[in-house]
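# Tertiary structure, described
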Amino acid sequence: LREALRQNLKKFRKEAHFSQEQIARQLGVNRATYTYYETGKTTRVEDLYLLSQLYGRAMEEFFQ
């Protein structure tokens, strides 16, 4: 699941044409923290919810 999440975070961000810095600002975290999300080191459920809203995707899609 962690690998699917890591890959999909990056994939969905790129498909939406956002930089890591732009997403980090949307989430209220610094870019380094968001980078940890995409490398699979950590993730907050609250931020996954916000990302699902931003990308127009169901949260389940992050884990497929």
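Read on for a plain summary of the structure. Keep in mind that what you see is a predicted model, and the values were worked out from it rather than measured.

## Quick notes on helix H2 (residues 20–27)
Here H2 has its buried residues at Gln20, Ile23, Ala24 and Leu27. Along the axis of H2, the buried positions cluster into a sector of 100°, meaning they face one direction only. Away from the buried face of H2 by more than 90 degrees, exposed residues Arg25 and Gln26 are located. Turning to H2, the residues buried within the fold contact helix H1 (2–15), helix H3 (31–38) and helix H4 (45–55). One or two residues past the end of H2 sits Gly28, with phi positive at roughly 75°.

## Comments concerning the environment of Thr39
With respect to the helices, strands and loops of the structure, Thr39 is situated in the loop between H3 and H4. When the C-alpha positions of Thr39 and Gln26 are compared, they lie 19 Å apart, and in sequence the two are 13 residues distant. Looking at Thr39, its side chain comes within polar contact range of the main-chain oxygen of Tyr36, at 3.2 Å.

## Let's talk about the side chain of Asn8
Looking at the secondary structure, you find Asn8 in helix H1. A distance of 2.9 Å separates a polar atom in the side chain of Asn8 from the backbone oxygen of Gln64.

## A closer look at H1
Along its 14 residues, H1 runs 20 Å from first to last C-alpha, staying within 8% of the 20 Å computed at 1.5 Å per residue. On its buried side, H1 packs onto H2, H3 and H4. Two residues or fewer after H1 comes His17, characterised by a positive phi angle close to 60°.

Procedures and definitions
- Residues numbered from 1 in each chain as written.
- Predicted model: local features only at pLDDT ≥ 70, side-chain atom pairs only at ≥ 80, totals over all residues.
- Heavy atoms only, no water.
- Buried < 20%, exposed > 50% of the residue type's maximum accessible area, 1.4 Å probe, protein only.
- Helix = DSSP H or I, 4+ residues; strand = E, 2+ residues; numbered from the N terminus.
- Arc of directions from axis to C-beta.
- Contact = heavy atoms within 4.5 Å.
- Polar contact = N/O pair within 3.5 Å; in protein donor to acceptor, adjacent residues only side chain to side chain.
- Expected span 1.5 Å × (residues − 1).

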